[in-house]
Amino acid sequence: MVKYRSLISSIQWKKKWPKLKRRARGRTERTQRGDDHEITFDLMIEILTRLPAKSLMRFKCVSKLWSCLIPSRYFSNLYLTVASSPSRRARPLNLYMSLNVSLTWMRHYKCDSMELCHRPGKCELLSLRLSSSLSNIAESSLEPDLTFPGMGGYKMVSLRGLILYTVCRKACIYNPATRQSLILPAVKSNVFAQQEPNKHVFYFFGHDPVQDQYKIVCSIVVFSDYRVRITSEFWVFVLEPGGFWKRIEYDDQPHLRSRPGLCINGVIYYLAFNHTCRDNVYCFDVRSEKFHKIQAPHELSQFCKSFGFIEHGGKPAIFDYTHIKETGVSELWVLGLDGGTWSRKSLILQPCQRHLLDDINIKLIVHGTGQNNEVILAMPCPCYLLYYDLRKNDLRKVNINRATTRDACFKVLDKCESIMHLEI
């Protein structure tokens, strides 16, 4: 039913499009009659797609045409395409950092069981502006973007300008550009409502480029001593008007996610383990809503202690930095196009950059890749970021100027502006 509603909505927009163009063309002719310099409707769209998202939110009140055009899915996708173009990438890089000043074990008034929650008012979404032409050692400051109770932690996922986060096991969607947020309804599952001590709830964020649909996948796994299976469920929510949670069939062994997921070309990839294998790559096709499993490299389970699951060249990859401080050597495993073969590449850090790793410890965490195909590694205390260019084999360090980052837990998200209107 949701699929048909989306199709009807797109058809209705396509029917309105010629009428809106004629209305805009007529208004232009009336206001500029006798003048050789006219702004056509197509040129107007080209101009609007190059404006900041905050300006577009204000310009919705200019006319009925703009109030209908700017929030539309057509213009939102066009704006996202232009914002991701190489010409826009040459601008300074923007990141979002979620800073949790105070973390504590507590019973939240909306939580069903004891879990790690954030005290309201103690979590901030900070905007970090970095220049792509920085030297190896640079400094940057954080600017407060939004204070949002409960937002933060390592469960945050960013996709096409939208942020998925959890508040007491409920999925929430936030658009930083439009300042709009949604709290999705709770999963209608008996297991979800049970107060199990070993219950794990994870959310994944995916996008189907064919049908232009956003989907949230909920994984509910209950383990006893991480060996005996109790139950495992998967639910899917389509982020559209009239969306609802739908349970999907999964007959394989239950597994527990070990790394956040990645959505690449309509497929969600994530690392997980079960009672028979420590590391596997699970793939979820967003369109067909089907799972399949890929064996991870054997060296990952035997030798890797510090690694991250990233996107490299449009493919899922595993970045192993276990021995980068001692030897300067890291390993990169990239999944092939056949979906089953891993290619291995050893990266040797330049000797003149080894001193940048002198003060790292086990808290160094991989937070994905940036716009320039650089692996982002974060160090909370002292607070700085490391950018490792895998193609040029170059490392640069950025210190963060903020006094409250001591003993803080933060997550870096690659920022991409989206003006998509959220509605369920």
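Since this is a predicted model, take the numbers as computed values, not measurements. (Residues numbered from 1 in each chain as written. Predicted model: local features only at pLDDT ≥ 70, side-chain atom pairs only at ≥ 80, totals over all residues. Heavy atoms only, no water.)

**Focus: the environment of Leu262**
Following the sequence through the fold, Leu262 ends up in strand S15 (residues 262–264). We classify Leu262 as buried; its relative accessible area is 18%. Each C-alpha atom, one on Leu262 and one on Phe204, is 8.2 Å from the other, the two residues being 58 residues apart in sequence. Discounting residues that sit within four places of it in the chain, Leu262 has contacts with Val267, Ile268, Tyr269, Phe309, Ile310 and Glu311. (Helix = DSSP H or I, 4+ residues; strand = E, 2+ residues; numbered from the N terminus. Buried < 20%, exposed > 50% of the residue type's maximum accessible area, 1.4 Å probe, protein only. Contact = heavy atoms within 4.5 Å.)

**Let's talk about helix H5 (residues 73–83)**
Within H5, the full set of buried residues consists of Phe75, Ser76, Tyr79, Leu80, Val82 and Ala83. Along the axis of H5, the buried positions cluster into a sector of 165°, meaning they face one direction only. (Arc of directions from axis to C-beta.)

**Side note on the nonpolar core**
Tyr203, Phe205, Ile216 and Trp245 are the most contacted members of the largest nonpolar core, which totals 25 residues. Broken down by element, this core gets its largest block of residues, five residues, from strand S11 (residues 213–224). Not counting chain neighbours up to four residues away, the residues in contact with Trp245 comprise Leu184, Pro185, Ala186, Val187, Tyr203, Ile216, Cys218, Trp235, Val236 and Phe237. (Core = buried A, V, L, I, M, F, W, Y, C linked by side-chain atoms within 4.5 Å.)

**What to know about the pattern of salt bridges**
For the structure shown, the criterion picks out eight salt bridges. For Glu46, the salt bridge goes to Arg50, with nearest N and O atoms at 2.9 Å. When its relative accessible area of 41% is taken as the criterion, Glu46 is described as partly exposed. Judged by relative accessible area, which is 44%, Arg50 ranks as partly exposed. A salt bridge links Asp252 to Lys293; the shortest N-O distance between them is 3.6 Å. Taken together, the residues span a long stretch of sequence, with Asp252 in the loop between strand S13 (245–248) and strand S14 (256–257) and Lys293 in strand S18 (residues 290–295) at a distance of 41 residues. Judged by its relative accessible area of 39%, Lys293 is partly exposed. (Salt bridge = Lys/Arg side-chain N within 4 Å of Asp/Glu carboxyl O.)

**Let's talk about the packing of aromatic side chains**
All told, the structure shown has 13 aromatic pairs when counted by the stated rule. Geometrically, the ring pair formed by Phe319 and Tyr321 is stacked, given 5.9 Å between the ring centres and 20° between the ring planes. On the accessibility criterion, Tyr321 (8% relative accessible area) is buried. Counting every residue linked through ring pairs, the aromatic cluster contains Phe234, Tyr250, Phe284 and Phe291. Of note, Arg259 hangs over the ring of Phe307, and the distance from its end group to the ring centre comes to 4.1 Å. Here the basic side chain of Arg396 rests over the ring of Tyr387, its NZ or CZ set 4.5 Å away from the ring centre. (Phe/Tyr/Trp six-rings, centres within 6.5 Å; stacked < 30°, edge-to-face > 60°. Lys NZ or Arg CZ within 6 Å of the ring centre and 35° of its normal.)

**Some points on the confidence of the model for the protein**
Looking at the protein as a whole, its pLDDT mean stands at 76, while 67% of the residues score no less than 70. Mean pLDDT in the protein bottoms out at strand S2 (residues 103–106), which sits at 33, and peaks at S13, which reaches 94. Throughout residues 101–122 the model reports pLDDT below 50, and contacts reaching past four residues in sequence, or to other chains, amount to 39 contacts. Here residues 132–137 scores under 50 on pLDDT; set against residues more than four positions off or in separate chains, the count is 14 contacts. (pLDDT = per-residue confidence, 0-100.)

**A look at the sheet that holds strand S20 (residues 315–320)**
One open sheet holds the four strands; their spatial order is S19-S20-S21-S22, and the pairing between them is antiparallel. Looking at which strands have only one partner, the edges of the open sheet turn out to be strand S19 (307–312) and strand S22 (342–348). Strand-to-strand twist across the sheet, computed as the mean angle between neighbouring axes with direction ignored, equals 25°. With seven bridges connecting them, strand S21 (residues 329–335) and S22 associate as antiparallel partners. When the sheet's bridge partners are listed, Val334 is paired in S22 with Ser343. (Pairing = 2+ DSSP bridges. Axes fitted to C-alpha atoms, helices over the stretch in contact; angles between N-to-C directions.)

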